[in-house]
Amino acid sequence: MIYCMEDLINPSCAPQFLTLPELLNEQHYIDLGQHATLVWKIAKWKSQVVPYTQTHCEHSINRLALLLESGHPPTGNAIYEKLSSAILSQQPSIQINTALAEISCLLSPNQTALISQVLKGIVYYLYSTGRCPAALQTLKSAVNGITLQTNTHTLIDEALQRNKLGPIVFVTPEMGRFSTVGGIGVVVDELSQCLASFGCSVYVISPYYNYFRGKTGYLAKEGISWVRNLHINLTDTTAEIGVHKGVEKDVQLFFLHNYTFFPVPYPQFTSTETLMSAALMCQGALELLCQLSIIPSIIVTNDWFTGLTPAFASHCFGTTFNQTLFFHLVHNLEEGYTGKLYDARSNCLQNLPTSCYQDGRNCIDLSMCAFKSCDSWGTVSQSYKQDLLSTSGLRFLLSKFPHPFACSNGIRSKERIKLLLNITPTLDHNEAKACLQRKYFGFADLTIPVFSFVGRICEQKGVANIAHVAQQLIIEYKGEIMFIVGGMAPRQDPYAAAAADSLNWLRHNYPKSLWAAPDSFFTDGPLLNIGSNFALMPSKYEPSGVVQQEFFLGGTPVIAFKTGGLRDTVFEFDYDTGKGNGITFEAHTDDDFRLAIIRALKLYRNTEKYWMCRANARSSVLDMDEVAARWTNEFCRLKRCIFDKYDT
C-alpha cells in the first residue's frame, strides 16, 4: 500500500509517496523558516492515473540520496532496506543483482544515475556504522561472482568508481628539500609521497623561491622545468607567475615563480607585501588547477600563508570547486605564526567579503580566514589539537568543527635506514658514536655520554636553555660530558643571535665538551641520530616534531619538554616496568631541564636499563605509512568513501 503525504499550507510543494514502513520508520527532516507552518495530510493513494510504483520509487530514491548526502541514518527507506538486505544476505551477488534490476525497471532513464550514487552511499553507511565492515569487498565480489546483467554491472562499477578518493592537492609554502625551512616541508613531502605510494593521485603546489639557502635556479638541477606562465590579477597590478613542473615518486610537483613576491621563504615584507604574496600564491594555485582541468577531491592548505585559498575558491571561481573539500592543516598556530597582518592594504582581497578575513579594524588574519572558509581542519598531534581547542585565540572558530583531526608526524623509516646504513652497515651505535666523537671533538671515548640537538636555533626550540645548562654540567662533571648543537641561527633574530654567541663562546672555552657552528648549515643529522646517547628537545612548544622520530629510528632516547606532540611520543623510562623511550620534564626552566639530563646520566650508567631504553626508542618509531593511512582514512571519512589501499 502506498501513502500520499501532501503539504496543505503550501500546495505548490509536490506530494510525497511512501510505503507504510517508510512513513513510520524513515527519518523525515524539515527545514522551516521563521514563523513558518507545516501541515501534512497523509492518505492512502487510490489514483489509477499515476503509475504509483514508479513515482514512489523515484520519490524514495530522491529522499535516500538526500539522507545519505547529509549523513542522516537512511534506515526505513524502502530502497535502502532492499539494497542493504541484499548486501547483508547469504548470497549477496545474486541478491544485489536482483535488487538493482528491480529498482532500475521502476525508474525513468534520467533517474538511474542516482542508483550508483545511493549504492555507494549505502555501502559507506554499512561500513561506517559497523553493520558490514566488508561492504566494499562484498560489492566487488558481486561484480566478479556471477554473470550480471549489463545494466547491473554498469551500476556497480559506477558505484565503485564513486568510492575512489580522487585527486588530492597540497598547497604549501614549503616542500621537501626544495624549500623546507621548518616542519611543514618535511611533513608535506613525506605524506604526499606515501599517499602516492597507496595509489592516490597527488599534486603539490608550492612557491619557487628566487633564493633558497643562498642559491638561485636550484630547481633546474632537480629536473624541474618551466611549462607555462599564469597572469593573476591583484587589483592594483597583474602579476605574472612562471609555472615549473616535475615528478618525484609519483607526486606531481608544481612550483610557482615570481621574483618580486616569492624572493625567499618568509621574507621580511611589509604587511601589504606579505598579503599580496599570500594572495598571489592562493589564487595562482587555484588558477593553475583550472588551466590544467584538475578538479581536486580535496585541497589541503598548510598554515597561514595558504589560508586564503578556500575563500578565493568560494568567491572568485564560480562553481568550479563546489565539489572540492578544503582541509586546513595546522602545523603551528602559536603567536607570530597565525598570519596576522596589521595596517595592510586589502585591495587584492576586494572580491572577498571583509567578514572572511578582517579581525578588528586594522587587522587581517589569514588563519582566521582559513577556518571561516574551510570544510574541516586538522593538526599534527592529539595533544596539540587539545591545546588549540582550549587555549588558542581562534578556539571559538576551531570548536565549531564537529570532528577536527590529529595525527602525530612520522618518518619514512626505510628511506632513513638507508642513510644510517651508509654510516655503519651493522647499525652499530658504538661505531657511530666513535666516529661522531672523532669528527667533532678530535678523539673517541665511549665512556663519555654524548647529548645532541638538531634543528633551528630559535626561541621555540629552547636552544638558549641548552647553552645555559651545558656550561653548568660541563663544570659539574669536569668535562666528562659532550654536547653537540647542530643547527643554523638566523642572525636577524635577536634570540637566535644571542644563543649563537653563547654557543660560540662555549665551543671556544670547552672545545672537548661542546661543539656548535651556528653560522653554518648542519648536515650530519643521521650520524647524530645513531651515534648520540641522548637527543635534546627542550622545545618551548612543539606541535608534533619529526626530530624525535629520527632519533628513535637510530635507537637514541630523547630528553623532551612535555608539550604538544612531544607529550604524545616521548615517555619517561620506568626502571620497574622497563617501559619508556626517553626522559621528560614538565617545567620549561633551566633547573628542570638540568635535572632531566642528570636523570639521563644516571640511566646511562646503568648499562642494562640504558640499552633497554634504546630498544624501546627503536621500537617506538611512527612510520609514515601508518600516518598516511590515518590521513587517508580521514579524507575518506570527509568524502564518505572507504579507503582501500590497493584500489585507491
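In what follows, the accompanying structure is described. (Residues numbered from 1 in each chain as written. Predicted model: local features only at pLDDT ≥ 70, side-chain atom pairs only at ≥ 80, totals over all residues. Heavy atoms only, no water.)

## Regarding the overall build of the chain
Phase 1 of the analysis: Within the chain one finds 25 helices and 20 strands.
Phase 2 of the analysis: When its C-alpha atoms are laid out on the principal axes, the chain stretches across 100 × 60 × 50 Å.
Phase 3 of the analysis: Residue burial in the chain is summarised as follows: out of 648 residues, 55% are buried.
Phase 4 of the analysis: In the chain, once contacts between residues fewer than 6 apart in sequence are set aside, the share between residues at least 24 apart is 71%.
Phase 5 of the analysis: Accessible area for the chain stands at about 28200 Å²; split by element, carbon and sulfur atoms hold 51% of it. (Helix = DSSP H or I, 4+ residues; strand = E, 2+ residues; numbered from the N terminus. Buried < 20%, exposed > 50% of the residue type's maximum accessible area, 1.4 Å probe, protein only. Contact = heavy atoms within 4.5 Å. Areas by Shrake-Rupley, 256 points an atom, 1.4 Å probe, with all protein chains shown as cover.)

## Regarding helix α4 (residues 92-106)
Phase 1 of the analysis: For α4, spanning 15 residues, the distance from its first C-alpha to its last is 21 Å, which sits close to the expected 21 Å at 1.5 Å a residue.
Phase 2 of the analysis: Along α4, the residues classified as buried are Ser93, Ile96, Asn97, Ala99, Leu100, Ala101, Ile103 and Ser104. (Expected span 1.5 Å × (residues − 1).)

## Comments concerning the pattern of salt bridges
Phase 1 of the analysis: One pass over the structure, following the stated rule, counts 18 salt bridges.
Phase 2 of the analysis: The closest approach of N and O atoms between arginine 416 and glutamate 550, which form a salt bridge, is 3.7 Å. Here arginine 416, found in helix α16 (residues 413-423), pairs with glutamate 550, found in helix α21 (residues 547-553); they are 134 residues apart in sequence, far enough to count as distant.
Phase 3 of the analysis: Overall, glutamate 550 belongs to the buried group, its relative accessible area being 17%.
Phase 4 of the analysis: Measuring nitrogen to oxygen at the nearest pair gives 2.4 Å for the salt bridge that ties glutamate 626 to arginine 630. (Salt bridge = Lys/Arg side-chain N within 4 Å of Asp/Glu carboxyl O.)

## So, the packing of helix α3 (residues 78-88) against helix α5 (residues 113-128)
Phase 1 of the analysis: The interhelical angle for the contact between α3 and α5, taken along N-to-C directions, is 60 degrees, at an axis separation of 10 Å. Considering their axes alone, α3 and α5 lie oblique with respect to each other. α3 and α5 meet at a crossing whose hand is right-handed. Contacts from Tyr80, Leu83, Ser84, Ile87 and Leu88 of α3 reach α5 at Leu119, Ile122, Val123, Tyr125 and Leu126.
Phase 2 of the analysis: Residues belonging to the contact of α3 with α5 are distributed by class as follows: nine nonpolar, one polar and no charged. (Axes fitted to C-alpha atoms, helices over the stretch in contact; angles between N-to-C directions. Parallel < 35°, antiparallel > 145°, perpendicular 65-115°, else oblique. Left-handed = near helix turned anticlockwise from the far one by under 90°. Nonpolar A, V, L, I, M, F, W, Y, C, P; charged D, E, K, R; others polar.)

## Section: α5
Phase 1 of the analysis: In this model, α5 (16 residues) spans 23 Å end to end at C-alpha, consistent with the 22 Å of a helix rising 1.5 Å per residue.
Phase 2 of the analysis: With respect to burial, α5 is a largely interior element, twelve of its 16 residues being buried.
Phase 3 of the analysis: Of the positions making up α5, those classed as buried are Leu114, Ile115, Ser116, Val118, Leu119, Lys120, Gly121, Ile122, Val123, Tyr124, Tyr125 and Leu126.
Phase 4 of the analysis: Looking one or two residues past α5, glycine 130 carries a phi angle of roughly 85 degrees, positive in sign.

## Quick notes on the sheet that holds strand β15 (residues 450-454)
Phase 1 of the analysis: Pairing in this open sheet of six strands is parallel, and the strands run β17-β16-β15-β18-β19-β20 from one edge to the other. The two strands at the open ends of the sheet, each matched to only one other strand, are β17 (514-516) and β20 (582-585). Each adjacent strand pair in this sheet contributes to an overall mean axis angle of 20 degrees, direction not counted.
Phase 2 of the analysis: The pairing of strand β18 (residues 534-537) with strand β19 (residues 558-561) spans three bridges and is parallel. Its bridge partner lying in β19, alanine 535 is registered against valine 558.
Phase 3 of the analysis: Each of β15, β16 (482-486), β18, β19 and β20 is contacted by helix α23 (residues 590-605), which is oriented at about 160 degrees to β20, the strand it contacts most. (Pairing = 2+ DSSP bridges.)

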